[in-house]
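The chain contents come next:
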Amino acid sequence: MKGFVVVGVKGVRWGRGRVVSGVVASVAAGVAVGAFSLAGPASAQPEAAGGDGGRWVKPTIVLEHGAFADASSWNGVIKELRADGYPVVAAANPLRGPAYDAAALRSVLDHIKGPKILVGHSYGGNVISQAATNNPDVKALVYVAAFLPAPGESALELTNKFPGSTLPDTLDPAPTTLPDGTKGTDLYIQQDKFPHQFAADVPRNQAALAATTQRPIAQNALEEKATTAAWKTIPTWDIITTHDLNIPPATQRFMAHRAHAHTTEIPASHSVAVSHPHTVTHTIEQAAHTTTHH
């Protein structure tokens, strides 16, 4: 693998960007242009003085949420990235299927000038894997408790590859009818089961709010097979959540190893961007600095 760091969080205070024994330590602490929330001007290119006396144009960080969540799930990460001078866009993921959602994300990317770092949580990993393909402006991919499918694989197939997911028993399917009359099914997590299943290390009141505002994913989206895998050609980072009840840790490790990702493990729930925004932020900034600071 490109790199592997195990993060312990209890009782440990970390500083962002700190280097320990020569190894960068991880810190623990919608369908068209305009269909995203801005956390800073998309065209902004903040500069920071480099150690060599030069100027570094920081890339735009594009955040793609996954199923059963929305762009607000990145709020803690957005706050820290902005404080560190990064332009940020939190895209609205339609959650209709990898091909459809990747097309929506590509529209967002086309609107943003300059280098970009793509970050995907959960099913959002499927989306960034397709949206970034053949895009030279995407300098790094960061997967956060996410899927890294190879062509021909689906999220459902990868979830079932190893035991450990308790998601199926918590789902609340809702029949849908599309404007053209086509029938389908949207999947929610039952609200009373959401905190334990999705966000066990998030304060209970906050997890209950997330359960209320969750966005459903089309069942077909979890069954649709990937057609491309940008992680094969773009530098990749991956945060593995060892207390995850949605995507088994063994599945996450399998995908990270296959992608030769710079990997960090953390004892966190699937909702790690909410419970441990420092770790997620540091990993994103490490990817940005490594691939764009020259």
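Residues numbered from 1 in each chain as written. Predicted model: local features only at pLDDT ≥ 70, side-chain atom pairs only at ≥ 80, totals over all residues. Heavy atoms only, no water.

With that settled, consider the overall build of the protein. Assigned secondary structure in the protein consists of 10 helices and 15 strands. Counting over 294 residues, the protein shows a buried share of 52%. (Helix = DSSP H or I, 4+ residues; strand = E, 2+ residues; numbered from the N terminus. Buried < 20%, exposed > 50% of the residue type's maximum accessible area, 1.4 Å probe, protein only.)

In this fold, Asp 169 is placed in the loop between helix 4 (155-159) and strand 11 (171-177). Sequence separation of Asp 169 and Gln 197 is 28 residues, and the distance between their C-alpha atoms is 9.9 Å.

The subject of this paragraph is the environment of Glu 265. Residue position: Glu 265 is located in strand 15 (residues 262-266). Engagement of the side chain of Glu 265 in a polar contact is seen with the side chain of Arg 253, the distance being 2.5 Å. (Polar contact = N/O pair within 3.5 Å; in protein donor to acceptor, adjacent residues only side chain to side chain.)

Okay, the pairing of strand 11 next. Sheet topology places strand 11 next to strand 12 (residues 183-189); seven bridges connect them, and they run antiparallel. Bridge pairing in strand 12 links Pro 173 to Leu 187. The antiparallel hairpin formed by strand 11 and strand 12 contains five residues in its connecting segment, where Gly 181 sits at a positive phi of about 90 degrees. (Pairing = 2+ DSSP bridges.)

Pairing is antiparallel in the open sheet, where three strands are placed in the order 11-12-13. Of all the strands in the sheet, the pair left with one neighbour each is strand 11 and strand 13 (217-218). With two bridges joining them, strand 12 and strand 13 adopt antiparallel strand pairing. Bridging across to strand 13, Leu 187 finds its partner in Ile 217.

Turning our attention to the confidence of the model for the protein. Scored by pLDDT, the protein has a mean of 87; 82% of the residues are at 70 or more. Low pLDDT, under 50, characterises residues 1-53; the stretch is placed with 124 contacts to residues that sit more than four places away or in other chains. (pLDDT = per-residue confidence, 0-100. Contact = heavy atoms within 4.5 Å.)

Counting 47 residues, the largest nonpolar core has Phe 68, Leu 105, Leu 118, Tyr 123, Leu 141, Ile 217 and Trp 231 as the members making the most contacts within it. Per element, the largest residue contribution to this core is four residues, and it comes from helix 2 (residues 98-111). With residues up to four places along the chain from it excluded, the contact list for Tyr 123 reads Gly 66, Ala 67, Asn 93, Leu 95, Gly 97, Pro 98, Asp 101, Phe 147, Ile 217, Ala 221 and Leu 222. Core analysis: the next-biggest nonpolar cluster, separate from the first, contains 27 residues, Val 88, Ile 266, Ala 268 and Ala 287 among them. (Core = buried A, V, L, I, M, F, W, Y, C linked by side-chain atoms within 4.5 Å.)

We now examine the packing of aromatic side chains. Scanning all chains against the criterion turns up four aromatic pairs. Taken together, a centroid distance of 6.5 Å and an interplanar angle of 85 degrees make the contact between Phe 68 and Phe 198 edge-to-face. In this pair, Phe 68 sits in the loop between strand 7 (60-64) and helix 1 (75-83) while Phe 198 sits in helix 5 (residues 194-198), placing the two residues 130 residues apart along the sequence. Each of the two residues, Phe 68 as well as Phe 198, counts as buried. Pairwise contacts between aromatic rings join Phe 68, Phe 194 and Phe 198 into one cluster. Between Lys 161 and the ring centre of Phe 254, over which it is positioned, the NZ or CZ distance is 4.8 Å. (Phe/Tyr/Trp six-rings, centres within 6.5 Å; stacked < 30°, edge-to-face > 60°. Lys NZ or Arg CZ within 6 Å of the ring centre and 35° of its normal.)

Our focus in this paragraph is the packing of helix 1 against helix 10 (residues 277-292). Look at helix 1 against helix 10: their axes get within 9 Å of each other, and the N-to-C directions meet at 50 degrees. By the angle between their axes, helix 1 is oblique relative to helix 10. When you trace helix 1 past helix 10, the crossing you get is right-handed. Residues Gly 76, Val 77, Glu 80 and Leu 81 of helix 1 pack against Pro 277, His 278, Val 280, Thr 281, Ile 284 and Glu 285 of helix 10. Taken together, the residues of the contact of helix 1 with helix 10 sort by class into five nonpolar, three polar and two charged. (Axes fitted to C-alpha atoms, helices over the stretch in contact; angles between N-to-C directions. Parallel < 35°, antiparallel > 145°, perpendicular 65-115°, else oblique. Left-handed = near helix turned anticlockwise from the far one by under 90°. Nonpolar A, V, L, I, M, F, W, Y, C, P; charged D, E, K, R; others polar.)

Residue Leu 95 is not a glycine yet carries a positive backbone phi of 60 degrees. Within the secondary structure layout, Leu 95 lies in the loop between strand 8 (88-91) and helix 2. A positive phi is found at Ala 145, a non-glycine position, where the angle reads about 45 degrees. In this fold, Ala 145 is placed in the loop between strand 10 (138-144) and helix 4. Ala 145 gets classed as buried once you look at its relative accessible area, which sits at 0%.

Among the five residues that make up strand 7, five are buried, leaving the element largely enclosed by the rest of the structure. On strand 7, burial covers both faces: Thr 60, Val 62 and Glu 64 on one face and Ile 61 and Leu 63 on the other are all buried. Direction of pairing for strand 7 relative to strand 9 (residues 116-121): parallel, over a ladder of five bridges. Across the sheet, Ile 61 pairs through a bridge with Ile 117, a residue of strand 9. Here strand 7 pairs with strand 8 via four bridges, running parallel. Across the sheet, Leu 63 pairs through a bridge with Ala 90, a residue of strand 8.

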